[in-house]
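# Results of the structural survey
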Amino acid sequence: MKRWLVAGGLALSLSLAHAAPSPEVTPRIGVVLGGGGARGFAHLGVLRELERLRIPVACIAGTSAGSLIGGMYASGVSLDEMARAFRAADWEQMLSGSPRRASVPYDRKRDDYKNYFNLTLGLRDGAIRVPRSAINSQEIDLFIRRLVRDRSAPDFDTLPIPFRAVATDLETGDAVVFDKGDLATAMRSSMAVPGVFDLVETGGRLLVDGGLARNLPIREVKGRCADRVIVVDVSSPTLKKDEINSLFDIVAQTTNLMVSRNMREELARLEPGDIVIRPELDGYSAADFAKNAEIAERGRLAVAPLAAQLAELSVPEAAWRAWQARLTPVEPKPIDAVRVAPTRFVNAAVIERQLNDEAGRPQALETLQGKLETVFAGGDFDRLGYQLGEEDGRRVLTVTPTERTVGPNYLRFGLDLKSSTPGDADFTFLAAHERVWVNRAGGVWRNDVQLGDDKLFRTSFRQPLEAGSPWFGYASYQLRKERFPVFLGGHVRLADLQIDTNRLEFGGGAGLGEFGEFRVGAYQQRLSAGVRVGDPATFEALTAEPTRSLGLSASLVADQFDNPRWPRRGYYVSGAYDYEIDRDSRRRTQLLNGMADGVYTLGDNSFRLTAKYKDNLGGELVSSVPPTLGGFLNLSGYQQDELLGERAALARLMLYRRVATLPSALGSGLYVGASLEAGKVWGWFGGPVEGGDTRWITGGSLFVGADTLLGPFFVGVGNAKGGQLTSYLFLGVDY
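Residues numbered from 1 in each chain as written. Predicted model: local features only at pLDDT ≥ 70, side-chain atom pairs only at ≥ 80, totals over all residues. Heavy atoms only, no water.

We now examine the overall build of the chain. Per the secondary structure count, the chain includes 14 helices and 35 strands. Structurally, the chain occupies a C-alpha span of about 100 × 60 × 45 Å along its principal axes. With 735 residues in all, the chain has 50% of them scored as buried. Of the contacts made within the chain by residues no fewer than 6 positions apart, 64% connect residues no fewer than 24 positions apart. As presented, the chain carries roughly 32800 Å² of accessible surface, and 57% of it is formed by carbon and sulfur atoms. Averaging the coordinates of the 86 positive side-chain charges in the chain and doing the same for the 89 negative ones gives two points 2 Å apart. (Helix = DSSP H or I, 4+ residues; strand = E, 2+ residues; numbered from the N terminus. Buried < 20%, exposed > 50% of the residue type's maximum accessible area, 1.4 Å probe, protein only. Contact = heavy atoms within 4.5 Å. Areas by Shrake-Rupley, 256 points an atom, 1.4 Å probe, with all protein chains shown as cover. Lys, Arg positive; Asp, Glu negative; His and termini not counted. Charge placed at Lys NZ, Arg CZ, Asp CG, Glu CD.)

We now examine the sheet that holds strand 15 (residues 337-340). The strand order across the open sheet built from 3 strands is 15-17-16, with neighbouring strands paired in mixed fashion. Of all the strands in the sheet, the pair left with one neighbour each is strand 15 and strand 16 (381-391). Here the average twist between neighbouring strands, direction ignored, is 25°. Pairing geometry for strand 15 and strand 17 (residues 394-403), over 4 bridges, is parallel. For Arg-339, the partnering residue across the bridge sits in strand 17 and is Thr-398. In the packing of helix 13 (residues 365-377) onto the sheet, the strands contacted are strand 15, strand 16 and strand 17, and the crossing angle to strand 16 comes to about 150°. (Pairing = 2+ DSSP bridges. Axes fitted to C-alpha atoms, helices over the stretch in contact; angles between N-to-C directions.)

We now examine the pairing of strand 24 (residues 516-533). Inspection of the sheet shows strand 23 (residues 492-511) paired to strand 24 by 16 bridges, in the antiparallel sense. Bridging across to strand 24, Asp-500 finds its partner in Ser-528. Here strand 23 folds back onto strand 24 in antiparallel fashion, the turn holding 4 residues, of which Gly-513 has a positive phi close to 65°. The sheet contact formed by strand 24 and strand 25 (residues 547-559) spans 12 bridges and is antiparallel. Across the sheet, residue Phe-518 finds its bridge partner in strand 25, namely Leu-556.

On domain assignment, one finds that the chain holds domain 1 (29-97 + 136-326), domain 2 (337-403) and domain 3 (436-731). Just the C-alpha atoms count here: the centres of domain 1 and domain 3 sit 51 Å apart. (Domains from an automatic or database assignment.)

Enumeration according to the criterion identifies 1 disulfide in this entry. Between the sulfur of Cys-59 and that of Cys-225 lies a disulfide, 2.1 Å long from S to S. Measuring the twist about the S-S bond at about 85°, one finds the Cys-59-Cys-225 disulfide to be right-handed. Note that Cys-59 is positioned in strand 4 (residues 59-63) and Cys-225 in the loop between helix 7 (211-214) and strand 13 (228-232), a separation of 166 residues in sequence. Judged on exposure class, the residue Cys-59 and its partner Cys-225 are both buried. (Disulfide = S-S within 2.5 Å.)

The next subject is unusual backbone geometry. In this model, Gly-407 is joined to Pro-408 through a cis peptide bond whose omega is 0°. Along the chain, Pro-408 turns up in the loop between strand 17 and strand 18 (409-420). One non-glycine residue, Asp-150, lies in the positive phi region at around 50°. Looking at where Asp-150 falls in the secondary structure, it is placed in the loop between helix 5 (138-147) and strand 7 (152-153). Residue Asp-150 is classed as buried on the basis of its relative accessible area of 6%. The phi dihedral of Leu-635 is positive, around 85°, even though this residue is not glycine.

Following the criterion strictly, the structure yields 23 aromatic pairs and no others. Seen in terms of ring centroids, Trp-566 and Phe-703 are 6.5 Å apart; in terms of plane orientation they differ by 40°. Their pairing is tilted. Of this pair, Trp-566 sits in the loop between strand 25 and strand 26 (570-582) while Phe-703 is found in strand 33 (residues 697-708), placing the two residues 137 residues apart along the sequence. On the basis of relative accessible area, Trp-566 is assigned to the buried category, the value being 1%. Phe-703 gets classed as buried once you look at its relative accessible area, which sits at 4%. (Phe/Tyr/Trp six-rings, centres within 6.5 Å; stacked < 30°, edge-to-face > 60°.)

Structural data, given as C-alpha cells:
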C-alpha cells in the first residue's frame, strides 16, 4: 500500500509495507523526537525507559537532535553504544569546527602562535568572502557516519525501524522529509542550525535545521505508520520579558518563537491516547553537549510520571524479543577503490593518491574515514562528502569535495596588545594574505604585514618539488623595523633603539607531515640601527654604519600541541642555527636558538614546562639582535628585554586551571594560573661590570586568563629577585 503526502511542496512516496514491526503488535506505536540541540540527549533516556517497559516502536520521525538519536536507533545502533560514543566524544574539539591540531600539516599551523582572529576571510572574483557558518561540520558528519555504519537505503521503511528526518529548505522555508538515501546526510541536514553549522547541499537544495519548519514532525507518523504517538519535546522555552536583556537573547527568542509556532500546529494533530513527554531540563542549554549523560538521565526520569499510561502499550516478553531481534546494524563491506570528483583549485589527483591503498588492496570504511580526516586537516575543503556505489562488481567510494568558500586567497587579521605598570605599552596590528595552490604542484604565496611599534613586511613563496611531495624550495624577503630598549642597572631605561633589517633568503626543506618541518637556506642581510629615544652620541659607534652580512641557516621544528593558546596535551620543540659573516669586516658569528615546551594535564589542572636558550656562539654580534630576558612569563618582574647579553636561558613552570566556560560569542574558557620562572644571562651588558654574568634569577606570576575570540587575554602580576612588582595586561601574549 502506498500513500502520497506533500511536504515542503514536494510529493514524496511513502511505502508502508514495513510500517509495523510485526502484524501481531497492535496498536502500532510511533515515536516523535523533537529538536533542541544538546537537550536532545534526553531522548536517549526516554528510549531506554521505553525499552525497560517493553514498548516496541513501529516508526520514528525526528528533527535536528531528534533525527540524530532517532536515526541511530532506527538503524539498529543500541542505546548503550550511543551512550558510550557520546561520553567518549571530544565535544569541544568536534564543535570547534577545526580538525584536531595534532593532525594538521605544520605548514598550515605555523601561524597559530601569532594572534590572528579566529575568522578567516577570502578574496575571490574581486569580492571579500566570509564562511557560510561559524562551525565546520566535517568532524560531526564523520562521527555520525561511523555510528550508523554509513547506512544507505532506497527506502527508510526498510531500516530496522522505519524512519523519517525533517530538514528545512533554506530557499523556500518548506519542510523537506527524508525517506530514502544516505542516512547520515538526512540526519546532518536536519541538524544544520543556520549560521552555526554548515548547511547541506543535496538534490539541488540548500538544507538547514528542520526545527525552523517542523520541530515535532508528528504528521510523519500519526495515522500513517502509527496508531498511537509518543512525542518527546526538548525544545527551549520562550523567554520572559525580563529575561531578554542582550542581542543574543533577542536572537534566541526569535528562533524560539518560530519553533514554538510550528510545534503548536503539530501538537494539534494529537488525539486522546497519545502521550507527550517533556523532560525537566532547566539549567541545560542547547550547547551543553559535554553534559550528555546528565541530560539523558533527565529524559529517563521524565517517563516515571507517565508509567501507568505507557504500561498499557507494553507487549509480552516473546513479542518484545522478536521485535528487538530486528535491531541489528549492518556492518559496511570493504572498499575496493576511491574516486575523487573534479575540483576547481586543489589537485584532485593528489587527494585520490592519498585515499587509495598503494598496492590497490581493499580498505575498511573506517580506515578511509581516517584518511579523509587527514585530507580535511590540510585546510583546503569545507567538506569532504562521499557516496558508496558499485562499478563492475567492485565497491567504489566517490568523494565529492567542497573547496573552501573563502579560498584559495585567504585573508587574516589580528591584534597584539601589551601593557605593564612601568608604563611600557605596545600595540601591533597584524594582517596576512595567503594564496594556496598557485600551481598544480601546490605552490603557496604568502604576504605578512605588521604595523605598530614593531613593523614588518614579508613576502615568501613555497614550492613543493611535485604535487604531494614533502620536499620543497622557498624564497623570501622581509623588511623589519624593531624597537629595542636599552637598560642600565636598577631598571633604568637608557634609550630606545630602532633596528632595521632587510633580509633575502633562498633555501629548501622537507615537511614532516603534521609533526613539523626542517629547513636549510642561505641569506644576505643588511642591519642598521638608529636612536629612537635617547642620546645619539652614546650609540654613535653602533649607529654609524649599517652591517651587511651573508649567512647560512638551518632550522627544525616539531609542533604537537593540541591548542597553542591553552594547551592541555602535546609538545613543541624548535631549534635554529645561523652561521654569519660580515661582508666588510669579515667578522664571523654563530647563533643558536632553541626551545622545548611540553604540557601534562591531570583532571582540570595543566602543568606546562618550558625551556629556552639563545647563544651567540661566536662572541661577536654581527647583524642579529642579542639574547634577552624580561617581560611577562619570561622573567616576570623585569621589563620587556631588560636583561641583555651574549647568552640567555629561561626555565618556566606554568600551572593553570580552567574554571569557567565563556559564552560562545566571547570565546571558550576562563583560566586562573601561576608561573615559576628562573633565568640567567651570560655577558650581561647592563650590569655594574659590563660583560659579567648574572646569577640564576628566580621569579613568578599570578594571572587570570581567557581564550577569547580576539586571542589569549591575560591580566596578571609578577615579580622576580632583583626585579620589581609589575602588573600586566596582555592580548596575544607570546609564550
